[in-house]
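Now for the letters of each chain:
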Amino acid sequence: MRAPSATDIAAGEVILAVDNVSLSFGGVKALTDVSFDIKKGEVRAIIGPNGAGKTSMLNCINGFYHPTEGRITFKGETRPKMRPHEAAAGGIARTFQNVALFKGMSTLDNIMAGRTLKMNRSFFWHILRYGPAMDEEIAHRRFVEEIIDFLEIQHIRKTPVGKLPYGLQKRVELGRALAMEPEVLLLDEPMAGMNLEEKEDMCRFILDVSNQYGTTIALIEHDMGVVMDLSDRVVVLEYGRKIADGTPDEVKRDQRVIDAYLGVGH
Amino acid sequence: MFYREAGQYKTTYQSDMAIFPLRQDRIGIIIILALAYVAVPLMASDFILKTIMLPFLALVLAVVGLNILTGYTGLISLGTAAFMGVGAYACYKLTTIFPDVNILIWILVSGFFSAAIGVVFGLPSLRIKGLYLAVATLAAQFFLQWAFVRIPWLYNYNPSGAIEVPLRTVFGVPVTGPTAAIEVKYLIALTFVVVLTWVASNIVHGRIGRSWMAVRDMDIAAQLMGIKLLEAKLLAFAVSSFYCGVSGALFVFIYLGGAEAGTEFGIRLSFIILFAVIIGGLGSMIGSFFGAGFIVALPTILKFGLPAIGIAITGAIAEKIVVMVIGALTIYLLIVEPHGLARLWQIAKQKLRVWPFPY
């Protein structure tokens, strides 16, 4: 999918590091001194009870929020105030907890919008449409059709996404993020509100993305079965603090995690 | 029965991305163009050309322009008329300072002046949205209208405060001014509309149109796609104001033949164009044509059509009724069919596809 370049980080090395990040809104502390790292090619889960700061963490990583303290290093580069579009240009894509699709546009247009950064024909070519702008459009359409095939959404290609059922909207949103050919893909509750079958489909897609394209994935999820099966490493947050970090098995046995989040079987 | 895509296979992405993917639509657009270029100037009376076609062609570009801003990018503007005024006054100044340059070039160039002003007044759009942006553009409306009255340089110190369109010829044929033939004016305006609509439709169907719609539908996600909000919004303001500027220049030079400082480009016209966008359909090119046609034709039909079929109605009453009908229809459409006449057109096409069967 993406041609390897010299600056690429080898699989297994740290691609994104979060160091002592704190985030507060006025008096409310959303995150306190959180540190963890994400290694290239892994599936990293962020879990924790509601309000633990998981989504705030993702918002910091892709530049919607700027950490009050601490720093985030992406591909060896630390930027104190990264804007969302800079994060996008750097290779961070993201889906949202409550689907944030472009509701008035078709599935195809939504995924094509994910290609925006890769398209660079100037305004003047767009005035003509035919010629270079059209060639570029066709080249990217070809790529987008691959994603549509991959996610098995051919039948809704031309449907406005506002009319799609929730499960498919989530899938289109994943497609739009994939269209950016990201190096790091942040998924905020990709399986929330889905039935079992849809969840299984989504798990399959996430694993396929990870295996076929080698994309690094960080995901927030509440379904523990999914988290334990999919992820290579898990970080657990509670009240904005990190309480555990490790492989699913380690985390599962951690007493603090059991107390705070997992609970015990009755 | 006849309006079906059966047997038309798309084998390339290009044919799938065509603006008129259906052969019947392509034939239809050719017929409409042929009618507009040949049949209308030959057959239509001066009255129809003067009271319906010219104002329609002049205003439709402003409606397309506002539709780009409001329908595609989701930014409300109440300064449309003022941006049209910038185009008209720019064209007037340009052609009086450089009378030898082809007037058609100046009509186009005046759009760029309007675009520049539009960008300046579009700057607040990064921070403010919706109703607040509407108020900010309202400031543009009042400020520019004030400038048209208070800066005599703009109307060449004419004691009456009005601009009068001078006679300009293209290849020896009078195009503007009192002696120009109405058919010539019509063809000029039509060509501007056809070319600029083609350009607008090209822009909204490509990457730029998609990024505008992305900003409209979900600006947070748009940023995440790498779309810079300020750039996208200012480009929308620039393109929109360009269309408004050309529309304003055509409105004065082709249709009115002269304009009183500050009266033609008042807030009333801004609202009428906004209503045309809403009635026609937000985010639809063909809707802009429906909306402009509706706004222009309705007064004439009420004023002259009703007496012709025996319903006595005076001009003054007709004008009041027009305002009431447009107001009522705008409210009705906002509630029932936010996508306006364009949506009704789509439904009609869908019905036509399966006719004579119900589905």
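Residues numbered from 1 in each chain as written. Chains lettered and ligands numbered in written order. Predicted model: local features only at pLDDT ≥ 70, side-chain atom pairs only at ≥ 80, totals over all residues.

1. A look at helix α1 (residues 54-61) of chain A
Residues and elements named next belong to chain A.
Okay, so step 1: Where burial is concerned, most of α1 is hidden: seven out of the eight residues are buried.
Okay, so step 2: Those residues of α1 lying buried are K54, S56, M57, L58, N59, C60 and I61.
Okay, so step 3: Where α1 ends, the next residue or the one after it, G63, has phi of about 90°, a positive value. (Buried ≥ 20, exposed ≤ 12 C-beta atoms within 10 Å, placed from the backbone. Helix = DSSP H or I, 4+ residues; strand = E, 2+ residues; numbered from the N terminus.)

2. Description of the interface of chain A and chain B
Okay, so step 1: Residue-level contacts link 31 residues of chain A with 25 residues of chain B.
Okay, so step 2: If you list the elements that add at least two residues to the side of chain A that touches chain B, you get α2 (84-90), α3 (107-113), α4 (123-128) and α5 (132-150) of chain A.
Okay, so step 3: Looking at the side of chain A that touches chain B, the element that brings in the most residues is α5 of chain A, giving six residues.
Okay, so step 4: Residues of the side of chain A that touches chain B, tallied by class, amount to 18 nonpolar, six polar and seven charged. (Contact = placed C-beta atoms within 7 Å. Nonpolar A, V, L, I, M, F, W, Y, C, P; charged D, E, K, R; others polar.)

3. Comments concerning the sheet that holds strand β3 (residues 43-47) of chain A
Residues and elements named next belong to chain A.
Okay, so step 1: Ordered by their spatial adjacency, six strands build an open sheet running β6-β7-β8-β3-β9-β10, and the pairing between neighbours is mixed. Single-partner strands in this sheet number two, and they are β6 (92-95) and β10 (241-246). Neighbour to neighbour, the strand axes of the sheet diverge by 15° on average, direction disregarded.
Okay, so step 2: Pairing geometry for β6 and strand β7 (residues 184-188), over four bridges, is parallel. Bridging from a neighbouring strand, I92 pairs with V184 of β7.
Okay, so step 3: Helix α6 (residues 166-178) contacts β6 and β7 of the sheet and is inclined by roughly 175° relative to β6.
Okay, so step 4: Sitting on the sheet, helix α10 (residues 255-262) touches β3, β9 (233-238) and β10, and the angle it makes with β10 is about 120°. (Pairing = 2+ DSSP bridges. Axes fitted to C-alpha atoms, helices over the stretch in contact; angles between N-to-C directions.)

4. Section: the environment of T70 of chain B
Okay, so step 1: Take T70 of chain B: it is sitting in helix α3 (residues 46-72).
Okay, so step 2: Along the sequence, T70 of chain B and G283 of chain B sit 213 residues apart, while their C-alpha atoms lie 7.7 Å from each other.

5. Focus: the pairing of β3 of chain A
Residues and elements named next belong to chain A.
Okay, so step 1: Counting buried residues along β3, five of its five residues qualify, which places the element largely inside the surrounding structure.
Okay, so step 2: Judged by which residues are buried, β3 turns out to be covered on both faces: V43, A45 and I47 on one side and R44 and I46 on the other are all buried.
Okay, so step 3: As paired elements, β3 and strand β8 (residues 216-220) share four bridges and run parallel to each other. Its bridge partner lying in β8, R44 is registered against A218.
Okay, so step 4: As paired elements, β3 and β9 share four bridges and run parallel to each other. The residue of β9 that forms the bridge with R44 is R233.

6. Concerning the packing of helix α4 (residues 80-97) of chain B against helix α5 (residues 103-122) of chain B
All names here are of chain B.
Okay, so step 1: Remark: α4 packs on α5, axes separated minimally by 8 Å, with the N-to-C direction vectors making an angle of 135°. Between α4 and α5, the crossing angle belongs to the class labelled oblique. Judged by the sense of rotation from one axis to the other, the crossing of α4 with α5 is right-handed. In this structure, α4 uses F83, V86, G87, A90, C91, L94 and T95 to contact α5, whose residues at the interface are I103, W106, I107, V109, S110, G111, F113, S114, I117 and G118.
Okay, so step 2: A per-class count over the contact of α4 with α5 returns eleven nonpolar, six polar and no charged. (Parallel < 35°, antiparallel > 145°, perpendicular 65-115°, else oblique. Left-handed = near helix turned anticlockwise from the far one by under 90°.)

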